[in-house]
Amino acid sequence: MKIKTASMRYEDVLALPAPVHQKPVKQHFLFRVILFFLSIWDLLATRFTYRTIGLEKLDRKEPCLILMNHSSFIDLKIAARLLISRPFHIICTSDGFVGKRRLMRYIGCIPAQKFTTDVTLVRDMVYAVGELKSSILMFPEASYSFDGTQTPLPESLGKCLKLLKVPVVMIRTNGAFARDPLYNNLQLRKVRVSAEVEYLLSPEEIAKKSPQELNAVLQEKFSFDYFRWQQDNKIRIDEPFRADGLNRMLYKCPHCKTEGQMRGQGTRIRCECCGKEYELTEYGYLQPADGKKGGVPAADEKQIEEGYDFTHIPDWYRWERECVRQELLSGTYRLEAPVAIYVMVNMDRIYRVGEGTLTHSPDGFHLTGCDGKLDYVQEPLASYSLYSDFYWYEIGDVICIGDARIQYYCFPQNCGDIVAKTRLAAEELYKLAKAN
């Protein structure tokens, strides 16, 4: 999928009129049918099945909040199949509206800015369930998982549940990540996909619980490890490209500690600096090419200094997170990268405004460029996570920062795999800043 773009001077983009807010419109049954038929091919290809848990508690005409884990693009097709019998609105990132705003509104989408405070979004959600009597589909993780485990949930989610005062239903998928992991360049694998639809919380239960208690319930339900699921269920993935792009996530060698020199290609990932190589097996394990047994995940600063053979991809990713945290604590973390800069100020298109430099440090993000006209600063506490993506709309790996008025899409230029590390650093920096 691609997105509508255009080149324009930064000052001219800033002069464009701001979009006028429009309330959600009730979704017509015809559009649900269209979404359903557009989804059939992929669902048949994955032999999709599902089961329900406790849905007899939900009246057919009763609006509800549907929370769904976010693994790959097939998630929307699964939702189209499962929700065809009830009107629903989809909380969708605002860049999904670019070039097709009217169509997205009639489908039932509500635009949202990822990882920013958005009071307007909450008002739209209340309006949808209260006035339009429609359900709401939300992906609270907001971004695809890089390593097949859960990503942070917004702390405001519990408060949102209490504002909406409607039942909460969860859709949990299995196989969606294994079929199309984000790092793998949109190459589909032959994997069966299934889902569970569970009645999670009634309005009465929501009223009795505090926002913190509600967040704890959701955190437990959104805990998963899809590589472990593949291993436990002996799901065989024998595609010869299964390790393509794995370096985007596993960017740091656990032996020589070099970053940006990992290369994932075919069924193997290799460090170009020290030559250490692993094979990604058909059942989702990492196997050192030298035949040595795997080690254990590093847990402290001393272990980080040692080399480990990871057999489990999420363990490697957690080790990278701990490495980033130690850099932040020691004051040595710093990113400075040349970037191509695109901005979004409305839903007509994404505008390429030139080149610049993105800096990330314990002080937060600092983006400069466009011949000195652009100078944007974002503090660590501005967001609990980072909107970053691999192969974003087939343009490239991206780091996105900004606020409700303007979004800056930064595409690193010839500086290795830095997107995953930057997300980890933003999340850990937020935790440290909040604790202080």
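Residues numbered from 1 in each chain as written. Predicted model: local features only at pLDDT ≥ 70, side-chain atom pairs only at ≥ 80, totals over all residues. Heavy atoms only, no water.

Undergrad: I'd love a proper account of the pattern of salt bridges, names of residues and values included.
TA: Counting across every chain of the model gives 27 salt bridges. E155 is the partner of K434 in a salt bridge, and the nearest nitrogen-oxygen pair spans 2.6 Å. Of this pair, K434 sits in helix α13 (residues 419–435) while E155 sits in the loop between β6 (135–138) and α6 (157–164), and the two are 279 residues apart along the sequence. On the accessibility criterion, K434 (46% relative accessible area) is partly exposed. R248 is the partner of D397 in a salt bridge, and the nearest nitrogen-oxygen pair spans 3.1 Å. Here D397 is found in strand β18 (residues 396–402), whereas its partner R248 is found in the loop between α10 (226–232) and β9 (262–265), with 149 residues between them in sequence. For the pair D397 and R248, a shared accessibility class is recorded, and that class is buried. Members of the salt-bridge network, linked through shared partners, are R51, R172, E196, E198 and K221. (Salt bridge = Lys/Arg side-chain N within 4 Å of Asp/Glu carboxyl O. Helix = DSSP H or I, 4+ residues; strand = E, 2+ residues; numbered from the N terminus. Buried < 20%, exposed > 50% of the residue type's maximum accessible area, 1.4 Å probe, protein only.)

Undergrad: Residue-level account of helix α9 (residues 211–221), with values.
TA: For α9, the full list of buried residues reads P211, L214, N215 and L218. Projected onto a plane normal to the axis of α9, the buried residues spread over an arc of 100° and lie on a single side. Away from its buried face, by an angle of more than 90 degrees, α9 presents the exposed residues Q212 and E220. (Arc of directions from axis to C-beta.)

Undergrad: I'd like a description of the nonpolar core, backed by residues and values.
TA: L246, V343, L367 and Y408 are the most contacted members of the largest nonpolar core, which has 64 residues in total. Setting aside chain neighbours within four positions, we find V343 in contact with Y10, V13, R349, I350, Y351, V353, I406, Q407 and Y408. Residues M68, L82, I90 and M347 belong to the second largest nonpolar core, which totals 30 residues. (Core = buried A, V, L, I, M, F, W, Y, C linked by side-chain atoms within 4.5 Å. Contact = heavy atoms within 4.5 Å.)

Undergrad: Explain the sheet that holds β6 residue by residue, including any values.
TA: Strand order in the open sheet made by the seven strands is β2-β8-β7-β3-β6-β4-β5, with mixed pairing throughout. Each end of this open sheet is capped by a strand with a single partner; those strands are β2 (49–53) and β5 (109–112). Pairwise comparison of adjacent strand axes, ignoring direction, gives a mean angle of 25° for this sheet. Note that strand β7 (residues 168–174) and strand β8 (residues 194–201) share seven bridges and pair antiparallel. Bridge pairing links N174 to S194 in β8. Each of β3 (65–68), β7 and β8 touches α9; the most contacted strand, β8, lies at about 165° to it. (Pairing = 2+ DSSP bridges. Axes fitted to C-alpha atoms, helices over the stretch in contact; angles between N-to-C directions.)

Undergrad: Outline the environment of I171, listing residues and values.
TA: Looking at where I171 falls in the secondary structure, it is placed in strand β7. Classification of I171 by relative accessible area gives buried; the value is 0%. The sequence separation of I171 and L157 amounts to 14 residues, and the corresponding C-alpha distance is 16 Å. In this structure I171 touches I66, L67, M68, N69, L82, A195, E196 and V197, once residues within four positions along its chain are discounted.

Undergrad: Talk me through the side chain of Q231; I want residue IDs and the actual numbers.
TA: With respect to the helices, strands and loops of the structure, Q231 is situated in helix α10. Its relative accessible area of 5% is what places Q231 among the buried residues. Among residues more than four places away in sequence, those in contact with Q231 are Y283, G284, Y285 and H312.

Undergrad: I'd like a rundown of a nonpolar patch on the surface, residues and numbers included.
TA: Together, M1, F73 and L76 make up an exposed nonpolar region whose accessible area comes to about 270 Å². Assignment of secondary structure puts F73 in the loop between β3 and α3 (74–82). Judged by its relative accessible area of 38%, F73 falls in the partly exposed class. (Patch = residues over 30% accessible without salt bridge, like charges linked within 9 Å, V, L, I, M, F, W, Y side chains within 5 Å. Areas by Shrake-Rupley, 256 points an atom, 1.4 Å probe, with all protein chains shown as cover.)

Undergrad: How would you summarise helix α2 (residues 29–45) if you had to cite specific residues and measurements?
TA: Here α2 spans 25 Å end to end across 17 residues, near enough to the 24 Å set by a 1.5 Å rise per residue. Along its length, α2 reaches its greatest deviation from straightness, about 40°, at S39. Taken as a whole, α2 has its buried residues at R32, L35, F36, S39, D42 and L43. Buried residues belonging to α2 abut α3, β4 (88–93), α4 (101–107) and α7 (176–179). Note on α2: the residue one or two positions beyond its end, R47, has a positive phi of about 50°. (Expected span 1.5 Å × (residues − 1). Bend = angle between axes of the 7 residues up to and from the residue.)

Undergrad: So what's going on with unusual backbone geometry? Which residues, and what values?
TA: With phi around 50°, R47 is a residue other than glycine that occupies positive phi space. Turning to its location among the elements, R47 is positioned in the loop between α2 and β2. Not every positive phi belongs to a glycine, and Y393 is a case in point at roughly 45°.

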